[in-house]
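Geometric and topological summary
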Amino acid sequence: MAPVVIAAALVVLGVPANGFHQLMMGTQGPQAPGEPLLPMHRFIPVPRREASASNPFAQIIARKLPAVILFEDDELIVIRDRSPAAPLHLQVIPKLAPVPRDVQALTDDHAPLVRRMQSVAITQLQKEGFSEADSRIGFHVPPFISVPHLHMHVISPAADIIPRKRFKYVPGSVWFWTSARVLEKLESNSCLQRLWPW
């Protein structure tokens, strides 16, 4: 049973039909006599780290899908969430390509972008008459993302988050990282690719 499950997983990952043999041997497949063995990482697919142009947020930016837009400039767009978790629920979305697919695709080079996203989020909170102190500002973490395009949730008041959605926005959880904590990690050159970086 186990080999069948492993073989099915390799097919889903796009590993060639003889991928199981390659995985076990740590090579890219049969080599010509005298050729060095190629390392295993050469054939295992690398996860996509950039957002695709066909995701819903990219479609909104291109005006191919409708959305309530509250703010837009050359770098960011802010929209109302179509399924709000609280009286105010916004999405702050980067526009400039290449856009990271998610928070785990961020590097220290993205710190200015995240800082700007956070600044725009706070400005929008104030414009809407909400307090930053009673808000949730942050990112969902793969695999707990619904759109593979980096976006920051801005939710307020935190005390009024719909009960059935509260678990989705718990700060410091495996699935939701606050923008302040992400910035702290980026600015200290810490890795965001671990499941639980705190």
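Now for a look at the structure at hand.

**Here we look at the overall build of the chain**
Within the chain, the regular secondary structure consists of five helices and six strands. Each helix (α) and strand (β) of the chain, taken in turn from the N terminus, gives the series α-α-α-β-β-β-α-β-β-β-α. Considering the chain as a whole, with its 198 residues, one finds that 39% of them fall into the buried category. Here the contacts in the chain between residues at least 6 apart in sequence split such that 57% fall between residues at least 24 apart. Looking at the chain as shown, the accessible area adds up to about 11,100 Å², and 60% of this sits on carbon and sulfur atoms.

**Let's talk about the sheet that holds strand E6 (residues 176-178)**
Strands pair in a sheet through their backbones, by hydrogen bonds, and they do so in one of two ways: parallel or antiparallel. The strand order across the open sheet formed by six strands is E1-E2-E3-E5-E4-E6, and the pairing between neighbours is antiparallel. Taken across any chain shown, the strands that pair with only one partner, and hence form the sheet edges, are strand E1 (69-72) and E6. Across the sheet, the mean angle from the axis of one strand to that of its neighbour is 25°, orientation sign disregarded. With respect to the sheet, helix H4 (residues 111-127) is in contact with E1, strand E2 (76-80), strand E3 (88-94), strand E4 (136-140) and strand E5 (152-156), its orientation differing from that of E5 by roughly 25°.

**Some remarks on the pairing of E5**
With five of its five residues buried, E5 lies for the most part within the structure. Alternating positions in E5 separate into two faces, Met152, Val154 and Ser156 on one and His153 and Ile155 on the other, with burial throughout. Bridging between E4 and E5 involves three bridges; their strand directions are antiparallel. Paired with Ile137 across the two strands is Val154, which belongs to E5.

**Here we look at unusual backbone geometry**
Leaving glycine aside, a negative phi is the common case for residues, and trans is the common case for peptide bonds. With an omega of -5°, the peptide bond between Ala97 and Pro98 qualifies as cis. Tracing the backbone shows Pro98 in the loop between E3 and H4. Ser156 connects to Pro157 through a cis peptide bond whose omega is -10°. By secondary structure assignment, the location of Pro157 is in the loop between E5 and E6.

Each value, and the rule that gives it
Residues numbered from 1 in each chain as written. Predicted model: local features only at pLDDT ≥ 70, side-chain atom pairs only at ≥ 80, totals over all residues. Heavy atoms only, no water. Helix = DSSP H or I, 4+ residues; strand = E, 2+ residues; numbered from the N terminus. Buried < 20%, exposed > 50% of the residue type's maximum accessible area, 1.4 Å probe, protein only. Contact = heavy atoms within 4.5 Å. Areas by Shrake-Rupley, 256 points an atom, 1.4 Å probe, with all protein chains shown as cover. Pairing = 2+ DSSP bridges. Axes fitted to C-alpha atoms, helices over the stretch in contact; angles between N-to-C directions.

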